[in-house]
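Below, each chain spelled out in residue letters.
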Amino acid sequence: MTPVTTPRRRRPALAAAMAFLALSFSAASPGVQAQSLLQAWQNAALPADAPIGAPQGTPLQPAVQLSPQAAAEAEKGALARFISAEYKTSTTLAARIVNAAYDAASRYSISPSLVLAIISRESTFNPRATSGYGAQGLMQVVPRFHMDKVQEARAVTAEASLFHPETNIAVGTRILAEYMEAESSLPRALVKYSGKAYRYIEKVMRERDAFERVRLEADDEAV
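Residues numbered from 1 in each chain as written. Predicted model: local features only at pLDDT ≥ 70, side-chain atom pairs only at ≥ 80, totals over all residues. Heavy atoms only, no water.

Visitor: How do you make sense of the overall build of the protein when you look at a structure like this?
Guide: Helix and strand counts for the protein come out as nine helices and zero strands. Helices and strands in the protein line up, N terminus first, as α-α-α-α-α-α-α-α-α. Taken across its 223 residues, the protein has 36% of its residues classed as buried. For the protein, contacts bridging at least 24 residues in sequence account for 53% of all contacts bridging at least 6. When the accessible surface of the protein is totalled, it reaches about 13800 Å², and 56% of it is carbon and sulfur. (Helix = DSSP H or I, 4+ residues; strand = E, 2+ residues; numbered from the N terminus. Buried < 20%, exposed > 50% of the residue type's maximum accessible area, 1.4 Å probe, protein only. Contact = heavy atoms within 4.5 Å. Areas by Shrake-Rupley, 256 points an atom, 1.4 Å probe, with all protein chains shown as cover.)

Visitor: What should I look at first to understand the side chain of Thr-173 in this one?
Guide: Tracing the backbone through its elements, the reader meets Thr-173 in helix α7 (residues 165–183). Not counting residues within four places of it along the chain, the set of residues in contact with Thr-173 comprises Ala-104, Ala-105, Tyr-108, Ile-110, Val-115 and Met-139.

Visitor: I'm lost on the pattern of salt bridges in this one. Help?
Guide: Close approach of charged atoms allows side chains of opposite charge to pair. Enumeration over the complete set of coordinates arrives at 13 salt bridges. Note that Arg-96 is salt-bridged to Glu-166, the shortest N-O span being 2.9 Å. Of the two residues, Arg-96 is situated in helix α4 (residues 91–107) and Glu-166 in helix α7; the sequence distance between them amounts to 70 residues. Put simply, Glu-178 and Arg-174 hold a salt bridge, and the shortest N to O gap is 3.2 Å. Placement of both Glu-178 and Arg-174 in helix α7 is noted, with a separation of four residues, approximately one turn of the helix. (Salt bridge = Lys/Arg side-chain N within 4 Å of Asp/Glu carboxyl O.)

Visitor: Got a minute to help me understand unusual backbone geometry in this structure?
Guide: Negative phi is the rule for most residues except glycine; trans is the rule for most peptide bonds. The phi dihedral of Lys-88 falls on the positive side, at around 55 degrees, and the residue is not glycine. The topology assignment puts Lys-88 in the loop between α3 (68–87) and α4. Classification of Lys-88 by relative accessible area gives exposed; the value is 71%. Unusually for a residue other than glycine, Lys-196 sits at a positive phi of about 65 degrees. Looking at where Lys-196 falls in the secondary structure, it is placed in the loop between α8 (186–194) and α9 (200–222).

Visitor: I keep staring at the packing of α3 against α4 and nothing clicks. Help me out?
Guide: The relative placement of two packed helices is expressed as an angle between their axes plus a distance between the axes. Between α3 and α4, the least distance of the axes is 8 Å, while the angle of their chain directions is 130 degrees. Between α3 and α4, the crossing angle belongs to the class labelled oblique. Where α3 crosses over α4, the handedness of that crossing is right-handed. For the pair formed by α3 and α4, the contact residues are Glu-75, Lys-76, Leu-79, Ala-80, Ile-83 and Ser-84 on the first element and Thr-91, Ala-94, Ala-95, Val-98, Asn-99 and Tyr-102 on the second. The class makeup of the residues in the contact of α3 with α4 is seven nonpolar, three polar and two charged. (Axes fitted to C-alpha atoms, helices over the stretch in contact; angles between N-to-C directions. Parallel < 35°, antiparallel > 145°, perpendicular 65-115°, else oblique. Left-handed = near helix turned anticlockwise from the far one by under 90°. Nonpolar A, V, L, I, M, F, W, Y, C, P; charged D, E, K, R; others polar.)

Visitor: Sorry, what's going on with the nonpolar core here?
Guide: Note that soluble globular proteins tend to have their nonpolar side chains buried in a common cluster. Residues Leu-116, Ile-118, Ile-119, Ile-169 and Tyr-193 are the most contacted members of the largest nonpolar core, which totals 43 residues. Residue assignment for this core shows that the elements contributing at least two residues are α3, α4, α5 (112–123), α6 (143–157), α7, α8 and α9. When residues in this core are grouped by element, the largest group, eight residues, is from α4. Contact partners of Ile-118, with chain neighbours within four places excluded, come to Met-139, Leu-176, Leu-190, Tyr-193, Tyr-200 and Val-204. (Core = buried A, V, L, I, M, F, W, Y, C linked by side-chain atoms within 4.5 Å.)

Visitor: Would you mind going over the packing of α5 against α7 with me for this structure?
Guide: Orientation of α5 relative to α7, taken along the N-to-C sense of each, is 110 degrees, at an axis distance of 11 Å. Compared by their axis directions, α5 and α7 come out roughly perpendicular. Seen from α5, the contacting residues are Leu-114, Val-115, Ile-118 and Ile-119; seen from α7, they are Ile-169, Thr-173 and Leu-176. Across the contact of α5 with α7, the residue classes break down as six nonpolar, one polar and no charged.

Visitor: Can you help me understand α3 in this one?
Guide: In an α-helix, one turn spans 3.6 residues, which is why side chains three or four residues apart end up on the same side. Given a rise of 1.5 Å per residue, 20 residues ought to cover 28 Å, and the 28 Å separating the end C-alpha atoms of α3 matches this to within 8%. Of all the residues in α3, the buried ones are Ala-71, Glu-75, Lys-76, Ala-78, Leu-79, Ala-80, Ile-83 and Ser-84. Here the buried face of α3 lies against α4, α5 and α9. A positive phi of about 55 degrees marks Lys-88, the residue just after α3. (Expected span 1.5 Å × (residues − 1).)

Visitor: I would appreciate a short explanation of the packing of aromatic side chains in the present structure.
Guide: The geometry of an aromatic ring pair is captured by two quantities: the separation of the ring centres and the angle between the planes. Considering all chains together, one arrives at five aromatic pairs under this definition. Aromatic pair Tyr-87 and Phe-125: ring centres 4.7 Å apart, planes at 55 degrees, arrangement tilted. Residue Tyr-87 is located in helix α3, and its partner Phe-125 is located in the loop between α5 and α6; the two are separated by 38 residues in the primary sequence. A relative accessible area of 2% means that Phe-125 is categorised as buried. (Phe/Tyr/Trp six-rings, centres within 6.5 Å; stacked < 30°, edge-to-face > 60°.)

Here it is in structure tokens:
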């Protein structure tokens with residue numbers, strides 16, 4: 001029995017291009033024929049919406065959109081690694097501080113980069129930092145002026161000590177938020193927070209921009 005051979009099906013775009021070439025080849029020179037054939041093959045091999053210069057045979061991939069939660073986790077991881085490297089802290093402590101900063105910043109509608117910038121200027125990420133004025137912890141909160149806030153934060157963190165990172169950041173961010181609302185200005189709020197420390201605003205803004213760059217780079221790399 002003679003085997004039956006099923007003819008191969010051509011893609012519509014390629015078939016149309018080849019039919020057109022068959023009609024026009026008789027009047028074209030060999031060089032033009034070769035160029036026309038190459039162009040027809042390229043046009044047929046790529047999707048209609050392929051951008052100019054797209055590699056042949058490479059499927060176009062849709063842009064990946066991260067969920068807000070996934071983007072935040074990518075940012076936190078990048079910030080924790082950056083803080084650990086720049087400020088010589090353990091990765092575990094850096095991650096804990098970053099998580100607390102994100103939580104407090106979200107609660108008071110403040111940028112987490114700003115919270116981290118204040119921590120960097122106030123304590124260089126040392127939870128046990130103290131000052132001669134009596135300020136304590138990461139954001140250098142003075143307990144005698146803000147004991148009510150410390151006690152209220154305890155309901156969330158289950159810890160009243162300002163040497164506890166989550167408690168300190170919760171109280172410090174709340175103080176900053178109240179100053180921003182009262183002063184209607186971030187620079188004036190920072191002056192009040194720092195007790196008029198020399199060039200404090202400039203230093204905090206520079207640190208904030210550095211942390212913000214880390215966040216943005218993490219978002220770009222995660223996509």
